[in-house]
Amino acid sequence: MAKTYNPYDNMLQVLESAAQKLGLKPSDYETLKFPERELKVSIPIRMDDGSIKVFEGYRVQHSSTLGPCKGGIRYHQEVDIDEVKALAAWMTFKCAVVNLPYGGAKGAVKVDPGKLSHAELERVTRRFTAAILPIIGPEKDIPAPDVNTNAEIMGWIMDTYSMLHGYAIPSVVTGKSIEIGGSLGRAEATGRGVSIVTQEILKYLGMPETGVKIAVQGLGNVGGISAKLLHENGHKIVAVSDVSGGLYNPAGLNVPALRAYIEKNRTLEGYSEPGARNITNGELIGCECDVLVPCALQNQITSANAASVQAKLIVEGANGPTAVDADEILSKKGITIVPDILANAGGVVVSYFEWVQNIQELTWEEDQINATLKKIMVRSFGQVLEIVKEHRVSFRVAAYMLAIGKLVRAKKIRGVFP
Ligand code: GLU
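Residues numbered from 1 in each chain as written. Predicted model: local features only at pLDDT ≥ 70, side-chain atom pairs only at ≥ 80, totals over all residues. Heavy atoms only, no water.

Pairing is mixed across the open sheet formed by seven strands, whose spatial order is β9-β8-β7-β6-β10-β11-β12. The open sheet has two edge strands with one neighbour each: β9 (277-279) and β12 (336-338). Adjacent strand axes in the sheet meet at a mean angle of 20°, parallel and antiparallel pairs treated alike. (Pairing = 2+ DSSP bridges. Helix = DSSP H or I, 4+ residues; strand = E, 2+ residues; numbered from the N terminus. Axes fitted to C-alpha atoms, helices over the stretch in contact; angles between N-to-C directions.)

This is the structure:
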């Protein structure tokens with residue numbers, strides 16, 4: 001039977017190794033093991049056929065030590081509270097790694113959005129927003145898109161929250177459409193961050209900075225944009241996959257054609273091009289390539305398939321794609337991993353820019369946004385790299401050390417209430 005992985009235990013294990021490397025006392029980081037607040041809600045919806053269905057929703061606030069909680073909302077049929085707790089903690093560490101004045105949170109609705117009509121999706125979103133209303137807000141907790149949620153859904157959240165307060169409050173959510181206070185550059189930000197960090201690590205490892213063979217798992221917002229930008233950087237995207245399956249082309253796939261196809265047909269199913277063959281999601285993990293960029297869900301690389309990985313480098317576009325036991329196998333094979341809390345932080349960085357623009361009621365130019373994003377990603381990568389070199393640890397442990405160090409210092413200054 002396949003081993004089941006609890007992402008929250010995964011997080012705790014890495015937290016423990018990083019805290020030990022930092023020489024922390026247990027009481028220094030005890031609070032980081034527990035989310036500050038967990039809310040579970042029922043979301044009753046009138047379906048299009050007149051029946052009533054009740055979905056389950058969650059919002060977990062892991063830490064508000066460094067500022068308001070921040071993190072996305074995902075819609076997925078298999079989500080559970082441990083996944084949301086882990087994702088919320090990862091947001092805390094991610095915001096600390098890139099030095100944003102934010103804590104971490106995450107939300108989810110246990111639903112397969114593909115099985116809802118557009119009107120049902122809107123009703124789920126509005127009712128979920130109403131249910132978590134007491135704990136969200138521009139100064140408290142600011143949601144954003146995540147797996148299976150998008151700008152349209154963020155717009156419904158913004159509208160519901162605003163209607164219930166009686167005035168427009170764009171700063172309650174990020175990742176909105178530009179027309180209602182979204183930021184230029186936000187839609188591409190996570191993938192842009194992935195591509196910036198990939199270039200940095202290639203340089204550090206002395207690998208070629210163009211023409212590298214890359215496999216991308218997942219073609220949603222993160223995978224799709226990462227593939228596009230890495231392809232534009234002159235790399236060969238040799239493999240891609242989504243829920244419908246995958247494709248492999250040793251000569252490099254036609255990324256623009258593939259993205260245009262998905263734009264029209266939602267999935268890769270039925271797409272073909274000369275030289276490409278169909279592969280499964282599992283085969284993608286072990287395919288012949290230099291760099292593997294998992295941009296789908298957590299626990300995709302586990303002890304069951306880590307030995308098959310041929311890439312020399314893994315850049316984690318998704319949150320938690322590598323299980324802790326896989327980490328060990330990969331490191332023994334000499335594979336470098338740039339961890340999620342660094343590699344995919346570009347999204348929340350530009351979410352922060354969006355929130356700041358909303359609060360200040362002004363807008364920034366796209367080139368200013370992209371340039372500041374790049375500066376932050378390159379600086380954070382450099383800071384993590386310094387820790388890697390100084391303490392001879394993996395990039396994952398180093399990124400946690402950077403984050404936990406900041407959080408523990410801030411906690412000490414704030415003290416324990418009362
Ligand atoms: N869901 C994204 C993440 O996991 C973005 C979060 C945000 O922008 O608040 O980083």
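Let us look at the packing of helix α1 (residues 7-21) against helix α14 (residues 395-414). The angle between the axes and the distance between the axes are what describe a pair of packed helices. Relative orientation of the contacting elements α1 and α14 amounts to 75°, with a least axis distance of 9 Å. The angle between the axes of α1 and α14 places the two elements in the roughly perpendicular class. Two secondary-structure elements touch here, α1 through M11, V14, L15, A18 and K21 and α14 through R396, V397, Y400, M401 and I404. (Parallel < 35°, antiparallel > 145°, perpendicular 65-115°, else oblique. Contact = heavy atoms within 4.5 Å.)

All right, on to α14 then. Taking 1.5 Å per residue as the helical rise, α14 with its 20 residues ought to reach 28 Å, and the 29 Å between its terminal C-alpha atoms agrees with that figure. Within α14, 15 of the 20 residues are buried, which leaves it mostly tucked inside the rest of the structure. (Expected span 1.5 Å × (residues − 1). Buried < 20%, exposed > 50% of the residue type's maximum accessible area, 1.4 Å probe, protein only.)

Both faces of the sheet carry side chains from a regular strand, because those side chains alternate between them. Counting buried residues in strand β6 (residues 213-217) gives four out of five residues, a clear majority hidden from the surface. Of the strand pairs in this sheet, β6 and strand β7 (residues 236-242) are connected by five bridges, and their pairing is parallel. Residue pairing across strands places I214 opposite I237, the latter belonging to β7. Regarding the hand of the β-α-β motif, the stretch spanning β6, helix α7 (residues 221-232) and β7 is right-handed. (Right-handed = clockwise from strand over helix to strand, strands pointing away.)

Right, let's get into the side chain of T190. Along the polypeptide, T190 turns up in helix α6 (residues 186-205). Here T190 falls in the buried class, since its relative accessible area comes to 9%. Once residues lying within four places of it in the same chain are set aside, the contact partners of T190 are N221, V222, N344, G346 and G347.

Let's shift gears to the site of the ligand. Every one of the 14 residues lining the ligand counts as a neighbour, but K70, K94, P145, D146 and S351 are closest to it. Take D146: an N or O atom from its side chain is 2.7 Å from a nitrogen atom of the ligand. A class-by-class count of the residues in the shell around the ligand yields four nonpolar, five polar and five charged. (Near = heavy atom within 4 Å. Polar contact = N/O pair within 3.5 Å; in protein donor to acceptor, adjacent residues only side chain to side chain. Nonpolar A, V, L, I, M, F, W, Y, C, P; charged D, E, K, R; others polar.)

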